[in-house]
Amino acid sequence: MNYAARALSARALSQGELRDRLKRRAALQSDVPEVLQRLKQAGFLNDRKLADSFASWRRDNQGLGKARVVRDLMTRRVAPAVAKQAVDAAYSETDETAMIETFLARKYRGKNLGELLKEEKNLASAFRKLRGAGFSGGNSIRVLKRYAAEADRLEDMEEPDAGD
């Protein structure tokens, strides 16, 4: 219990992350479920609250898209349904196109995007960055089309994605 309390005081952890840490550290594996249950009852371990704050933080501070945040939450061992629900709630009032514009402005600070994206390799690189940041392919292409006529060819590069 002491180790779990120290771990949670250092960083918010999901139930799955804490379970893994406790299993590696516990003298008796049978103590792990009891410790997790006590922490949940005390309100110190709540995956839904963690997912909500994580999604809001990633949206506001890092400007990432929905798909990336869901993927990162699942990497942190949050249940997929909880992750999707938290991200949908956090992004319900956001305009993805505006987020893409802000992301591009931040990534290409001080550069003329119109000139930069005329080159096909730079256009493809910008598209990959947007997809890696979790933005949908359709909105990414729409924003990039504003800067480069060659953006129509990006549709051929796009892989089908269930999230779009």
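Each remark here, short or long, concerns the structure printed above.
Residues numbered from 1 in each chain as written. Predicted model: local features only at pLDDT ≥ 70, side-chain atom pairs only at ≥ 80, totals over all residues. Heavy atoms only, no water.

Undergrad: Could you give me a rundown of unusual backbone geometry, with the residues and numbers involved?
TA: Despite not being glycine, arginine 77 shows a phi value in the positive range, around 70°. Mapped onto the elements of the fold, arginine 77 is located in the loop between α5 (66-75) and α6 (80-90). What makes arginine 77 partly exposed here is its relative accessible area of 43%. (Helix = DSSP H or I, 4+ residues; strand = E, 2+ residues; numbered from the N terminus. Buried < 20%, exposed > 50% of the residue type's maximum accessible area, 1.4 Å probe, protein only.)

Undergrad: I'd like to hear about the packing of helix α9 (residues 120-132) against helix α10 (residues 137-145), residue by residue, with values.
TA: With their axes 10 Å apart at the nearest point, α9 and α10 run at an angle of 145° to one another. Helix-helix and strand crossings are classified by hand; for α9 and α10 the assignment is right-handed. Between α9 and α10, the contacting residues are Leu123, Ala126, Phe127, Leu130 and Arg131 on the first element and Gly137, Ser140, Ile141 and Leu144 on the second. Across the contact of α9 with α10, the residue classes break down as six nonpolar, two polar and one charged. (Axes fitted to C-alpha atoms, helices over the stretch in contact; angles between N-to-C directions. Left-handed = near helix turned anticlockwise from the far one by under 90°. Contact = heavy atoms within 4.5 Å. Nonpolar A, V, L, I, M, F, W, Y, C, P; charged D, E, K, R; others polar.)

Undergrad: Please set out the side chain of asparagine 122 residue by residue, giving values where relevant.
TA: Relative to the elements of secondary structure, asparagine 122 occurs in helix α9. The buried category is assigned to asparagine 122, whose relative accessible area is 18%. Side-chain polar atoms of asparagine 122 contact the backbone oxygen of leucine 116, separated by 3.1 Å. Excluding its chain neighbours within four sequence positions, the residues that come into contact with asparagine 122 are Tyr108, Leu116 and Leu117. (Polar contact = N/O pair within 3.5 Å; in protein donor to acceptor, adjacent residues only side chain to side chain.)

Undergrad: Help me get a handle on the nonpolar core, residues and values and all.
TA: By size, the foremost hydrophobic cluster in this structure holds 32 residues, and its most contacted members are Val69, Leu73, Leu104 and Leu144. Listing elements by their share of this core, those giving two or more residues are α4 (47-62), α5, α6, α7 (96-107), α9 and α10. Tallying contributions element by element places α6 first for this core, with five residues. If sequence neighbours within four positions are ignored, leucine 104 has contacts with Leu113, Ala126, Leu130, Val143, Leu144 and Tyr147. Listed in part, the eleven residues of the second largest apolar core include Leu22, Val35, Leu36 and Leu45. (Core = buried A, V, L, I, M, F, W, Y, C linked by side-chain atoms within 4.5 Å.)

Undergrad: Describe the pattern of salt bridges, with residues and values.
TA: Tallied over the entire structure, the rule returns nine salt bridges. Arginine 77 is paired through a salt bridge with aspartate 20; the nearest N and O atoms lie 3.4 Å apart. Placement of the pair is arginine 77 in the loop between α5 and α6 and aspartate 20 in helix α2 (residues 15-25), with a sequence separation of 57 residues. In this structure aspartate 20 comes out as partly exposed when scored by relative accessible area, which is 26%. Residue arginine 58 pairs with aspartate 72 through a salt bridge whose shortest N-O separation is 2.9 Å. Note that arginine 58 is positioned in helix α4 and aspartate 72 in helix α5, a separation of 14 residues in sequence. (Salt bridge = Lys/Arg side-chain N within 4 Å of Asp/Glu carboxyl O.)

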